[in-house]
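What the coordinates show
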Amino acid sequence: MFGKILIANRGEIAVRVIKACREMGIGSVAVYSEADAAGLHVRLADEAVPVGPPPAAESYLDMDRILEAAKATGAEAIHPGYGFLSENAAFARLCEDRGIVFIGPNSGALELVGDKVRARQTMEKAGIPTVPGMKSCSASAEEFRAAARSLGYPVMVKASAGGGGKGMRVVADDDGLGPALEAGRREAGSAFGDDSVYLEKCIEEPRHVEFQVLADNQGRTVHLFERECSIQRRHQKVLEETPSPALDPELRARRGETAVRAMRAAGYNNAGTVEFLLDRDRRFYFLEVNARLQVEHPVTELTTGVDLVRQQILIASGADLSIRQENLLQRGHAVECRIYAEDPKMSFLPSAGRIVHLREPKGPWIRFDSGIYEGLEVPVYYDPILAKLIVWAEDREAACRRMSAALDDCVILGIHTTAGFLKDVVNHPEFRAGRATTSFIGKFFSSWGTGEGEDERQRLALAAAAFDGLTRTTRAAGLPVRGGKREIETPWTTLGGWRAGGER
Amino acid sequence: MSVAAFDFLLDGEPRKISVEMRDGTLVVREGSRVLEAEVKRISGNELQFRFGGRSVRIYLARAGERTYVAVDGREFVVSESRPDTSRPGEGDEKSGETNLRVRSPMPGKVTKIAVAEGEEVRKNQTLVIVEAMKMENEIKTSIDGVVKKVHVAVGDRVDSERPLVEVEKKIESPRRAEP
């Protein structure tokens, strides 16, 4: 087993890996950009190494600096988390060349599945159905147009190196194609350093169902069932759950086997996810392989009881997979909400600033994977994910109720977050009925924030601010503080200048 | 008299309320609307309001001039009114009724200028694209008008203070005078 692991990431996922290292008795090394010197991962790791200025390209994506940090600290392995270098085959190869273990798939498999176009070809050869699309990225404007017409609008612009919705655009007609290609290339270029895009037929109102796979270096491969990830905004998942309300045991078993076959075809090892689209007629299409630990991995952990990060580390150290397919069970239901630093009232614009108050939800079967703390200044340079709230319960209805209550308990003040919005999603009848597809948010939440009860909420906010102002002012004015501790104030003890019942 | 008056800004909008404690009940008046609630402080950041048979938890925290308040999952920023139009993040400033200064709601980098000076624009048309947190954000005009000035160039780093684009409101036929 490794003595020390470097975590080439930040935020909640770096924290997650650091905690796994601690449990396994492995030393942890954090890396951080200048914008993250106060980051939670820096505070929690055994060691922390600065790797450059705030822009990711000059820090978290700088392979040489990351490898230097590993060498300088004596780390034997690198966990890339998700995003950043996690699916970068060149980085995996560099690690292999320098004798550092990359905790993820081998560079050959990574290269194959990372190239969305090649991955599709491999799957087709293995007899796995794929979404109809272009076979190559190098096309002229005319070729793109011809391809779009032969696929039939609507089509989807996708980044060849894609993931996380970056570079993706839906195009309805010829007129929209040019601007969508341009925007997709620009976004792909800045997110992945590779601006090649291609077109796929847009499957309308699909569900997004993915299967978690673990494969050891000796080729033993198992799947850990599915995750339903249909609740998306701008092609970014906002809420995930397992089991999927759309699968029955027979379909689940069949598609799980398909996922295992897909990973074997790709020569894949370590943890990975096979994403499928499920259309209205319950037909599955291979979408892509996510060659990394997924943001939403905790819902699988809670329902299977398998610690995926620990398994990743064990597999990377060369250990045989100790889990057998026949011993894996899905138990109960788990839901995850991604808490983003975005303002749902202002069309989800990113929100940065200082967290002036944080109240973490707690309770039985409530898990809060977080990269934040009270007082932290949330930087603007990176993905806006702050934390993930994950709950487990015996069944879906109980899990939704638990999530709704836990979201009430999740308070982050100082910046805007998506917590309140997520509560409305969880309580929406269409979601509760298990009918939500990827068009759910666009259909039911095109605007949010000024709904029912807004007048009352505003007045309560004003009343609370006034009450707070009054009760604090009197305290500041030197009224006696009772008990010497942090006192529980009531208007009866602190509204000094006020006369109770004065207007009689 | 134990009535306190507040001139607040709620998310940038002026709101005047008065509050008073009466028989242990907080009475809040805004114009003709009245809210009466029993208020209990649970902690420095948590209040419990009870009214109409309901109990509502309100979370709040102060930072400088601002009080951040969360009610039922919605966040509000409340500050004492000192009309200060350059408060960041609270939207666009309308100068002299006719012009709109469009700002970026968050710090980021300009990746595209979608309009030219002198160009006529329609409400909700994209003016500038600002990349922040790795996503492209289309900054739009909230009025019909003509682009008077573009203050930024592609590649510029912008914050929420500096105007990106100024849009001059289209002068329509003069409004009918009130009788």
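Cut-off values and rules
- Residues numbered from 1 in each chain as written.
- Chains lettered and ligands numbered in written order.
- Predicted model: local features only at pLDDT ≥ 70, side-chain atom pairs only at ≥ 80, totals over all residues.
- Helix = DSSP H or I, 4+ residues; strand = E, 2+ residues; numbered from the N terminus.
- Rg over C-alpha atoms; globule rule 2.2 N^0.38 Å.
- Buried ≥ 20, exposed ≤ 12 C-beta atoms within 10 Å, placed from the backbone.
- Contact = placed C-beta atoms within 7 Å.
- Arc of directions from axis to C-beta.
- pLDDT = per-residue confidence, 0-100.
- Pairing = 2+ DSSP bridges.
- Core = buried A, V, L, I, M, F, W, Y, C linked by C-beta atoms within 7 Å.
- Nonpolar A, V, L, I, M, F, W, Y, C, P; charged D, E, K, R; others polar.
- Axes fitted to C-alpha atoms, helices over the stretch in contact; angles between N-to-C directions.
- Parallel < 35°, antiparallel > 145°, perpendicular 65-115°, else oblique.
- Left-handed = near helix turned anticlockwise from the far one by under 90°.

Digging into the overall build of chain A
- Within chain A, the secondary structure is distributed over 17 helices and 22 strands.
- On C-alpha atoms alone, chain A measures out to a radius of gyration of 24 Å, which is about the 23 Å that the 2.2 N^0.38 rule sets for 504 residues.
- Counting only residues that meet the buried cut, chain A has 53% of its 504 residues in that class.
- Pairs at least 24 residues apart make up 63% of the contacts formed inside chain A by residues separated by at least 6 positions.

So, the overall build of chain B
- When helices and strands are counted, chain B shows zero helices and 17 strands.
- Within chain B, the proportion of its 179 residues that are buried is 34%.
- Partitioning the intrachain contacts of chain B with sequence separation of at least 6 by distance along the chain shows that 43% fall at a separation of at least 24.

Focus on helix α4 (residues 89–97) of chain A
Residue and element names in this part refer to chain A.
- Every buried residue of α4 is accounted for by Ala89, Phe91, Ala92 and Cys95. Viewed along the axis of α4, the buried residues span an arc of 160°, placing them on a single side of the element.
- On the buried face of α4, the contacting elements are α3 (63–73), β4 (77–79), β5 (101–102) and α5 (107–114).
- With its phi angle positive at about 75°, Gly99 sits one or two positions after the end of α4.

Some remarks on the confidence of the model for chain B
Residues and elements named next belong to chain B.
- Taken over all residues, the pLDDT of chain B has a mean of 82, while the share at 70 or more is 84%.
- Put simply, strand β9 (residues 93–95) is where chain B has its lowest mean pLDDT, 47, and strand β5 (residues 46–51) is where it has its highest, 96.
- Counted against residues more than four places away or in other chains, residues 173–179, with its pLDDT under 50, gives zero contacts.
- Across the interface, the model reports ipTM at 0.81; the global pTM reads 0.81.

Concerning the sheet that holds strand β11 (residues 108–113) of chain B
Residues and elements named next belong to chain B.
- The four strands lie next to each other as β14-β13-β11-β16, forming an open sheet whose pairing is antiparallel. In this open sheet, the two edge strands, each paired with only one partner strand, are β14 (135–140) and β16 (157–158).
- One ladder, built from two bridges, connects β11 with β16; its direction is antiparallel. Note that in β16 the partner of Gly108 across the bridge is Val158.

Some remarks on the nonpolar core
- Core analysis: the largest hydrophobic core is formed by 178 residues, its most contacted members being Leu6(A), Ala463(A), Ala464(A) and Val69(B).
- Looking at this core, the element that brings in the most residues is helix α16 (residues 454–476) of chain A, giving nine residues.
- For Ala463(A), the residues in contact, after removing those within four places along its chain, are Val19(B), Leu26(B), Val28(B), Leu35(B) and Ala37(B).
- The next biggest cluster of nonpolar side chains, apart from the first, holds 20 residues, and it includes Ala148(A), Val157(A), Met168(A) and Ala191(A).

Some thoughts on the interface of chain B and chain A
- At the interface, 54 residues of chain B touch 55 residues of chain A.
- Of the residues forming the side of chain B that touches chain A, the biggest block, six residues, is contributed by strand β6 (residues 54–63) of chain B.
- For the side of chain B that touches chain A, the class distribution of residues is 33 nonpolar, nine polar and twelve charged.

Considerations on the confidence of the model for chain A
- In this model, chain A carries an average pLDDT of 91, and 93% of its residues clear a pLDDT of 70 or more.
- Here residues 474–504 of chain A is a poorly scored stretch, pLDDT under 50, and it has 38 contacts once near neighbours within four places are set aside; other chains count.

Brief notes about the sheet that holds strand β19 (residues 366–370) of chain A
All names here are of chain A.
- Spatially, the eight strands line up as an open sheet ordered β13-β12-β9-β10-β11-β14-β21-β19, and their pairing is antiparallel. The two strands at the open ends of the sheet, each matched to only one other strand, are β13 (284–290) and β19. When strand polarity is set aside, the average angle formed by the axes of neighbouring strands in this sheet is 25°.
- Two elements, strand β9 (residues 207–215) and strand β10 (residues 221–233), share six bridges in a ladder whose sense is antiparallel. Considered in β10, the bridge of Ala215 is made with Thr221.

Let's talk about the pairing of strand β15 (residues 145–150) of chain B
All names here are of chain B.
- Here strand β12 (residues 120–121) runs beside β15; their pairing, made up of two bridges, is antiparallel. Along β15, the bridge assignment pairs Val121 with Gly145.
- Of the strand pairs in this sheet, β15 and strand β17 (residues 163–169) are connected by five bridges, and their pairing is antiparallel. Counted as the bridge partner of Val147 is Val167 from β17.

Concerning the environment of Arg283(A)
- Structurally, Arg283(A) can be placed in the loop between β12 (270–278) and β13.
- Between the C-alpha atom of Arg283(A) and that of Glu250(A), which follows or precedes it by 33 residues, the distance is 14 Å.

Focus on unusual backbone geometry
- That bond from Tyr153(A) to Pro154(A) is cis: its omega, -5°, falls within 30 degrees of zero.
- The residue after Thr242(A), namely Pro243(A), is reached through a cis peptide bond having omega 0°.
- Examined against the element boundaries, Pro243(A) turns out to sit in the loop between β11 (236–242) and α9 (249–265).
- We note that Phe348(A) has phi near 60°; this positive angle belongs to a residue other than glycine.
- Considering the arrangement of structural elements, one finds Phe348(A) in the loop between β15 (342–343) and β16 (349–350).
- Phe348(A) sits in the buried class, given 22 other C-beta atoms within 10 Å.
- We note that Asp23(B) has phi near 50°; this positive angle belongs to a residue other than glycine.
- Take Asp23(B): there are 12 C-beta atoms within 10 Å of it, and that puts it in the exposed class.

Some thoughts on the packing of helix α1 (residues 11–24) of chain A against helix α11 (residues 308–316) of chain A
Residues and elements named next belong to chain A.
- Look at α1 against α11: their axes get within 9 Å of each other, and the N-to-C directions meet at 65°. With respect to α11, the element α1 is oriented roughly perpendicular. The element α1 and its partner α11 pack so that their crossing is right-handed. Judged by residue contacts, Arg16, Val17, Ala20 and Met24 of α1 engage Val309, Arg310 and Ile313 from α11.
- Of the residues assigned to the contact of α1 with α11, the class counts are five nonpolar, no polar and two charged.

Quick word on the packing of α4(A) against α5(A)
All names here are of chain A.
- Running from N to C, α4 and α5 point in directions that differ by 175°, and their axes come no closer than 8 Å. It follows that α4 is roughly antiparallel to α5 by the angle criterion. Contact with α4, carried on its side by Ala89, Ala92, Arg93 and Glu96, involves Ser107, Leu110, Glu111 and Gly114 of α5 and no other residues of that element.
- Residues belonging to the contact of α4 with α5 are distributed by class as follows: three nonpolar, two polar and three charged.

A closer look at the environment of Asn45(B)
- Within the secondary structure, Asn45(B) is located in the loop between β4 (33–43) and β5.
- Sequence separation between Asn45(B) and Ser2(B) is 43 residues, and the spatial gap between their C-alpha atoms is 25 Å.
- In this structure Asn45(B) touches His357(A), Tyr59(B), Leu60(B) and Ala61(B), once residues within four positions along its chain are discounted.

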